[in-house]
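What follows is the residue order along each chain.
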Amino acid sequence: MRLMALPLILALGGCAVASDTADTVARKSAKGVVNGVVAQKFPGVNAAPITDCVIDNATRFEIFDIAKAGATGVTQSTVEAVTTIAQRPETVNCISKNGLGLFL
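As the structure is a computational prediction, the values presented were derived from the model and not from experiment.

With that settled, consider the pattern of salt bridges. The final tally for this structure, using the stated rule, is 5 salt bridges. Where Asp 52 meets Lys 31, a salt bridge forms, and the shortest distance between an N and an O atom there is 3.1 Å. Note that Asp 52 is positioned in helix H2 (residues 47-56) and Lys 31 in helix H1 (residues 2-41), a separation of 21 residues in sequence. The class of Asp 52 is partly exposed, set by a relative accessible area of 31%. Lys 31 sits in the partly exposed class, given a relative accessible area of 33%.

According to the stated counting rule, one finds 1 disulfide in the structure shown. Paired through a disulfide, Cys 53 and Cys 94 show a sulfur-sulfur distance of 2.1 Å. The chirality of the disulfide connecting Cys 53 with Cys 94 is left-handed, given an S-S dihedral of about -70 degrees. Taken as a pair, Cys 53 in helix H2 and Cys 94 in helix H5 (residues 89-97) lie far apart in primary sequence, 41 residues in all.

Parameters and conventions
Residues numbered from 1 in each chain as written. Predicted model: local features only at pLDDT ≥ 70, side-chain atom pairs only at ≥ 80, totals over all residues. Heavy atoms only, no water. Salt bridge = Lys/Arg side-chain N within 4 Å of Asp/Glu carboxyl O. Helix = DSSP H or I, 4+ residues; strand = E, 2+ residues; numbered from the N terminus. Buried < 20%, exposed > 50% of the residue type's maximum accessible area, 1.4 Å probe, protein only. Disulfide = S-S within 2.5 Å.

This is the structure in structure tokens:
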């Protein structure tokens with residue numbers, strides 16, 4: 001019986017690795033999109049710390065949705081999603097802690 005459970009455990013472990021990989025790829029793609037949006041809205045500002053705060057405070061669904069814009073192109077909906085996340089208290093706090101002050 002225990003031997004029968006081993007393949008299931010290994011398969012579930014493989015699913016977790018695949019999920020983690022998908023999350024990592026999505027976060028990287030979403031960071032590129034968010035960085036571009038921030039750079040466009042706030043020229044001359046170091047967008048990287050703001051991008052990190054936005055990504056860290058986005059839901060998994062939001063990250064995947066923003067990441068899609070990396071392939072399909074940034075739309076007004078993408079910009080609104082980034083702006084909404086950036087205005088959340090947790091995100092504003094993160095941005096403030098990084099010495100950037102309130103940018104929205």
